Amino acid sequence: MAAEPTLALVAHDAKKDLMVDFAKKHQEKLAAFQLVCTGTTGGRIQEACPSLSITRLKSGPLGGDQQIGAMIAEGRLQGLFFFVDPLSPMPHDVDVKALMRLALVYDMPMALNPATADILLRSARLIGLSTTSTTPEVGTIAS
Ligand SMILES: O=C(CO)COP(=O)(O)O
């Protein structure tokens, strides 16, 4: 039997309450995934949803975003819900951009807000019916 698809849940501080509400609301559906989170986001979700099994990586500013980026590059992630705060400066802005960039490069289903995450959670591709990752053709990048 194929392993469950892996979904990353990440939220900036101003969006963590939204992420916790989202996780509580969709707890049953989220249980069908292997969940990975950046450190603080994962702690908040775990506290609110003790039945979910969550792998917590480093906190975003300490490398967690990059760890998730590496999972994308290595084909170990099937979806990314990243609730970003567009109104606050981030010390690790380069990491945030790098993570979103890799999600785009690898055509990863990515939701940057709860409205889109709601839709993606219902999508056949994300729930694992088609989890083939798209490897970009490096040669096609324009010089
Ligand atoms: O900073 C983050 C994403 O850029 C999230 O990290 P934390 O979940 O550790 O707060």
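Residues numbered from 1 in each chain as written. Predicted model: local features only at pLDDT ≥ 70, side-chain atom pairs only at ≥ 80, totals over all residues.

### Focus: the overall build of the protein
Next, step 1: Secondary structure summary: the protein contains seven helices and five strands in total.
Next, step 2: For the protein, the sequential pattern of α-helices and β-strands runs β-α-α-β-α-β-α-β-α-β-α-α.
Next, step 3: A total of 143 residues make up the protein; the buried ones form 31% of that total.
Next, step 4: Of the contacts made within the protein by residues no fewer than 6 positions apart, 67% connect residues no fewer than 24 positions apart. (Helix = DSSP H or I, 4+ residues; strand = E, 2+ residues; numbered from the N terminus. Buried ≥ 20, exposed ≤ 12 C-beta atoms within 10 Å, placed from the backbone. Contact = placed C-beta atoms within 7 Å.)

### Topic: the site of the ligand
Next, step 1: Around the ligand sit V10, H12, T38, G39, T40, T41, S59, G60, P61, G64, D65 and V96, and that is every residue in its neighbourhood.
Next, step 2: Within the residue set of the shell around the ligand, elements represented by two or more residues are helix 3 (39–48) and helix 4 (64–73).
Next, step 3: Top contributing element to the shell around the ligand by residue count: helix 3, with three residues.
Next, step 4: For the shell around the ligand, the residue count by class is three nonpolar, eight polar and one charged. (Near = placed C-beta within 6 Å. Nonpolar A, V, L, I, M, F, W, Y, C, P; charged D, E, K, R; others polar.)

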